[in-house]
Amino acid sequence: MIDLSAVKGQGQAVGILSGFLESGRVPHALVFSGPEGVGKRFAADLFARAIFCRAQGAVPCFSCDSCRKIERGAFPDLIHVEIAESKTRILIDQIREIERIVAYHPFSGDSRVIVIDPADLMTEDASAAILKTLEEPPAGTHFILVTGRAFSLPPTILSRCQKVRFSPLPGPVIAEILGGGREAQDAAEMARGSLARARLMVSGGLVSAQEQMVETLSEMGLNDPIGIQKLSESVTKYKVDIFDIIDILKCWYRDLMISRETHREGDLVYHRLVKDFGGRWAQTSIRSLIESMEAAQQIERILTSRMHLNMRIALEALFIRLVELKYNQ
Ligand SMILES: [Zn+2]
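The numbers attached to residues start from 1 for each chain and follow its sequence in the written order. With pLDDT at 70 or above as the cut-off, local features in this predicted model cover only qualifying residues; side-chain atom pairs require 80 or more to be listed or tallied, and sums for whole chains, interfaces and linings still use all residues.

1. Quick look at the overall build of the protein
Tallying secondary structure elements over the protein gives 15 helices and 5 strands in all. Dimensions of the protein along its principal axes, counting C-alpha atoms only, are 75 × 40 × 35 Å. Across the 329 residues in the protein, those meeting the buried criterion constitute 37%. Helix numbers and strand numbers start at the N terminus; a helix is a DSSP run of H or I with at least 4 residues, a strand a run of E with at least 2. Each residue is classed by its C-beta neighbour count within 10 Å, where at least 20 other C-beta atoms makes it buried, 12 or fewer makes it exposed, and intermediate counts make it partly exposed; the C-beta atoms are placed from backbone geometry.

Dropping the structure here:
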């Protein structure tokens, strides 16, 4: 029995992978594609374990010689190709090294798995070299190309790979993995299907930042420069990316518009916050909500082009504008 059930919320991908293992026909080149943080890499490693596992019963068993060596990172036939420290891409030299290795027979048996992650960040040279290897696949070697942006892979590579798609994770699955509780649920709601993002939200305090920002903006009166200063100060204290903060704001205004215009609860990202604070925005016109969203997008554009801008000052300017718009009826 092949057990990939530790890969949560990816029934379709797991079904395809189990099928390969059960039939004993594992393609020599696979692309694991789908959004960031939904379990692609985790699935790749588990799938590799199942290929190498020597057990008869449930595979991977996590206790046979192969499984234990993989656990220790000491299994020579499972190779990870990643971006080296202080580099921004996977380089040709790394692929040359792989070419050298695959020329030989696998060490431990008849299979070898090479996980390239993120495959879309190979340099052009590196991609070309991999393509050559994929055109003449060495026996027993399986490549797993992991990518959040399959569209950036050369079509020539894609056409040689069997595609396994991973979907955004359902919110309840994320909440469960994070151990439940209100913070986990809030993070799961906002994470748009990415477990990695949800984890970051909990550990980096983005959930608290979100709560504080929405609550303060909902209650703040006009002309409260001290309040604005305090808000941007405390939001920047959380270890979160300013683009995530802007994302929260965009999402919040989008939710307000949805709840006002369509009353379709199911489409909301911040159910609980809209329920708790949406009422404070009842007087704000739809026009002003749209302008608030645009103000957030504008700051985002400015920050993208001028990264040296002081984050706290940028946020202050944005908050001032948002409070003005809130009272714009
Ligand atoms: Zn095993």
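After that view of the structure, there is still more to cover.
2. Quick look at unusual backbone geometry
Of all residues except glycine, most have a negative phi; of all peptide bonds, most are trans. Residue P60 is reached from V59 by a cis peptide bond, and omega for that bond is -5°. Mapped onto the elements, P60 comes out in the loop between α2 (40-52) and α3 (65-71). The omega angle of the peptide bond from D117 to P118 is 0°, so this bond is cis rather than trans. Considering the arrangement of structural elements, one finds P118 in the loop between β3 (112-116) and α5 (124-135).

3. Points about helix α9 (residues 195-204)
Looking at α9, one finds that the buried residues are L195, R197, A198 and M201. All buried residues of α9 lie within an arc of 165° about the axis, which places them on one face of the element. On its buried face, α9 sits against α7 (171-177), α8 (181-190) and α10 (206-219). Just past α9, the residue G205 takes up positive phi, approximately 85°. The arc in question is formed by the directions pointing from the helix axis toward the C-beta atoms. The contact criterion used here is simple: two residues whose C-beta atoms, placed from the backbone, lie within 7 Å are in contact.

4. Some thoughts on the packing of helix α11 (residues 225-237) against helix α15 (residues 311-326)
Axis lines are fitted to C-alpha atoms, over the contacting stretch for helices. Their N-to-C directions set the angle, which ranges from 0 to 180 degrees. Relative orientation of the contacting elements α11 and α15 amounts to 135°, with a least axis distance of 9 Å. If you check the angle between α11 and α15, you find them oblique. Like other packed secondary-structure pairs, α11 and α15 cross with a definite hand, here right-handed. Along the contact surface, α11 presents I228, Q229, L231, S232, E233, V235 and T236, while α15 presents M311, R312, L315, E316, F319 and I320. Split by residue class, the contact of α11 with α15 holds 7 nonpolar, 3 polar and 3 charged. Angle categories are assigned with fixed cut-offs, so that under 35 degrees is roughly parallel, over 145 is roughly antiparallel, 65 to 115 is roughly perpendicular, and the rest are oblique. The crossing is said to be left-handed when, going from far helix to near helix, the turn is anticlockwise and less than a right angle, and right-handed when the turn is clockwise. In this count, Pro and Cys sit with the nonpolar residues alongside Ala, Val, Leu, Ile, Met, Phe, Trp and Tyr, while Asp, Glu, Lys and Arg are called charged and the others, Gly among them, polar.

5. Description of the sheet that holds strand β2 (residues 78-81)
With parallel pairing, the 5 strands of this open sheet are ordered in space as β2-β3-β4-β1-β5. Lying at the two open borders of the sheet, with one neighbouring strand each, are β2 and β5 (162-165). Across this sheet, the average inter-strand angle for adjacent strands is 20°, counted without regard to direction. Being paired, for any two strands, means DSSP has found at least two bridges between them. Across 4 bridges, strand β1 (residues 29-33) lies against β5 in parallel orientation. Following the sheet pairing, V31 is matched in β5 by K163. Each of β1, β2, β3 and β4 (141-147) is contacted by α2, which is oriented at about 165° to β4, the strand it contacts most.

6. With respect to the pairing of β4
In terms of burial, β4 is a largely internal element, 7 of the 7 residues being buried. Burial along β4 is two-sided: T141, F143, L145 and T147 and H142, I144 and V146, pointing in opposite directions, are all buried. Here 5 bridges tie β1 to β4, and the two strands are oriented parallel to one another. What sits directly across from A29, in β4, is F143. Strand direction decides the pairing type here: β3 and β4, joined by 5 bridges, are parallel. When the bridges of β4 are listed, R112 appears paired with T141. By convention, orient the strands away from the viewer: a clockwise path from the first strand over the helix to the second makes the crossover right-handed. Each parallel crossover has a hand, and the one from β3 via α5 to β4 is right-handed.

7. Topic: the environment of F42
As for its placement among the helices and strands, F42 is situated in helix α2. The class of F42 is partly exposed, set by 16 C-beta atoms lying within 10 Å. Sequence separation between F42 and G221 is 179 residues; the distance between their C-alpha atoms is 47 Å.

8. Overview of α8
Side chains that are three or four residues apart share a direction in an α-helix, a result of its 3.6 residues per turn. Across the 10 residues that make up α8, a large majority, 7, are buried. The set of residues buried in α8 consists of A184, Q185, D186, A187, A188, E189 and M190. At its buried positions, α8 is contacted by α7, α9, α10 and α13 (271-277). Following α8 by one or two positions, R192 adopts a phi angle in the positive range, close to 45°.

9. Structural notes on the confidence of the model for the protein
Per-chain confidence: the protein averages 91 in pLDDT, with 100% of residues scoring 70 or above. The spread of mean pLDDT over the elements of the protein runs between α8, the lowest at 84, and β1, the highest at 98. Every residue is assigned a pLDDT by the predictor, reflecting its confidence on a scale from 0 to 100.

10. Structural notes on the pairing of β2
A regular strand carries its side chains on alternate faces of the sheet. With 4 bridges connecting them, β2 and β3 associate as parallel partners. When the bridges of β3 are listed, H80 appears paired with V115. Handedness of the crossover joining β2 and β3 through helix α4 (residues 92-102): right-handed.

11. Observations concerning the environment of F107
Inspection of the secondary structure assignment puts F107 in the loop between α4 and β3. Setting aside residues up to four positions removed in sequence, F107 forms contacts with P76 and D77.

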